[in-house]
Amino acid sequence: MKPAQIESFFATLQAANPMPVTELEYTSVFELLAAVLLSAQATDVGVNKATRKLFPVAGTPQKILDLGLEGLENYIKTIGLYRSKAKHLMATCRILVEQHGGQVPRTREALEALPGVGRKTANVVLNSAFGEATMAVDTHIFRLGNRTGLAPGKTPLEVEQKLLKRIPAKYLVDAHHWLILHGRYVCQARKPLCGQCAVAAFCDFKPKTSATTH
């Protein structure tokens, strides 16, 4: 994908969705961190279902600690891997209370030091909560980076670094939301909906359907 195509690709996605946001529901930076931590190998829909009950009761690190491990597990047991996620979230809340005054830190290093928080989760928090131009490469973005020719790479980190280099600065803050939503609903894993794709004309992926019109 050439620079002019990348510009058109994101201009088109921006025109269709000027203010993209994560589909995870949250009302504070901590709730966002908790939701992203819980969302590993789970759907946003499934996480939202659990956090709609959890957050009104325990929406701060201290209140999660007050629930206790078993209490937390009861709220999130509908989410995959809930036992290990509950342990990670409890440990993270303890660190937030003891080392950060109950606040979510704003640096990548401090975020990645939290149990259950990897590079991808840190990137989501830095981007969605603090407005930083980071790229959280999940399975959707990894697939899109390679399939479209936007940022081919063998590892998520390689795709992330190429995306940060190739996407024009004015689109960077919102780019990962556009790519995730596009991957989730249009450029799907098994059968991309090329015939319904607004950015098919700028994409390197060849098996286009005849329904594509530009």
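From a predicted model like this one, the values you see are computed outputs, not experimental measurements.

Draft legend 1. Structural context of the packing of helix α1 (residues 3-16) against helix α10 (residues 169-185). The interhelical angle for the contact between α1 and α10, taken along N-to-C directions, is 75 degrees, at an axis separation of 10 Å. With respect to their mutual orientation, α1 and α10 come out roughly perpendicular. Residues Glu7, Phe9, Phe10, Ala11, Leu13 and Gln14 of α1 form the contact with α10, whose own contacting residues are Lys170, Tyr171, Ala175, Trp178, Leu179 and His182. Classifying every residue of the contact of α1 with α10 by side-chain character gives eight nonpolar, two polar and two charged.

Draft legend 2. Spotlight on the environment of Ile6. Mapped onto the elements of the fold, Ile6 is located in helix α1. Relative accessible area serves as the criterion here: at 2%, Ile6 is assigned to the buried category. When the C-alpha positions of Ile6 and Pro192 are compared, they lie 19 Å apart, and in sequence the two are 186 residues distant. Beyond its immediate chain neighbours, meaning those up to four positions away, Ile6 contacts Met1, Leu150, Arg166, Ile167 and Pro168.

Draft legend 3. Up close: the confidence of the model for the chain. Overall, the predicted model of the chain reaches an average pLDDT of 91, with 96% of residues at or above 70. Predicted confidence for residues 210-214 stays below pLDDT 50, and this span has eight contacts to residues more than four positions away or in other chains.

Draft legend 4. Expanded view of unusual backbone geometry. A positive phi angle, close to 50 degrees, is found at Gln41, a residue other than glycine. Turning to its location among the elements, Gln41 is positioned in the loop between α2 (29-38) and α3 (44-57).

Draft legend 5. How the structure looks around the packing of aromatic side chains. Considering all chains together, one arrives at four aromatic pairs under this definition. Centre to centre, the rings of Phe10 and Tyr171 are 5.9 Å apart; their planes meet at 25 degrees, and the pair counts as stacked. In this pair, Phe10 is assigned in helix α1 and Tyr171 in helix α10, connecting sequence segments 161 residues apart. Exposure remark for Tyr171: the relative accessible area of 3% places this residue in the buried category. Where Tyr171 meets Trp178, the ring centres are 6.3 Å apart and the plane angle is 65 degrees; that geometry is what we call edge-to-face. One aromatic cluster is present, built from ring pairs that chain together Phe9, Phe10, Tyr171 and Trp178. Above the plane of the ring of Phe205 lies Arg147, whose end atom (NZ or CZ) is 5.2 Å from the centre.

Parameters at a glance
For every chain, the first residue of the written sequence is number 1, and numbering continues from 1 onward in sequence order. Local features in this predicted model are restricted to residues of pLDDT 70 or higher, and side-chain atom pairs are both shown and tallied only at a pLDDT of 80 or more, whereas totals for entire chains, interfaces and linings draw on every residue. As a rule here, side-chain values come from all non-hydrogen atoms in the structure, and water together with hydrogens is ignored. Structural elements are reduced to axes, namely lines fitted to C-alpha atoms, with helices fitted over the stretch in contact, and the angle between N-to-C directions of any two is expressed from 0 to 180 degrees. In DSSP terms, a helix is any run of H or I states spanning at least four residues, a strand is any run of E spanning at least two, and both are numbered starting from the N terminus. Just so you know how the angles are binned, under 35 degrees is roughly parallel, over 145 roughly antiparallel, 65 to 115 roughly perpendicular, and the rest oblique. Contact definition: two residues touch when any of their heavy atoms are within 4.5 Å. Put simply, Ala, Val, Leu, Ile, Met, Phe, Trp, Tyr, Cys and Pro go in the nonpolar bin, Asp, Glu, Lys and Arg in the charged bin, and everything else, Gly too, in the polar bin. Exposure classes here rest on a 1.4 Å probe applied to the protein chains alone. A residue is buried below 20% of its type maximum, exposed above 50%, and partly exposed in between. The score called pLDDT rates the predictor's confidence residue by residue, from a low of 0 to a high of 100. Pairing of aromatic side chains requires ring centres within 6.5 Å, counting the rings of Phe and Tyr and the six-membered ring of Trp. Pairs whose planes differ by under 30 degrees are stacked, by over 60 edge-to-face, and all others tilted. We call a charge positioned above a ring when the Lys NZ or Arg CZ atom is no farther than 6 Å from the ring centre and deviates by at most 35 degrees from the ring normal.

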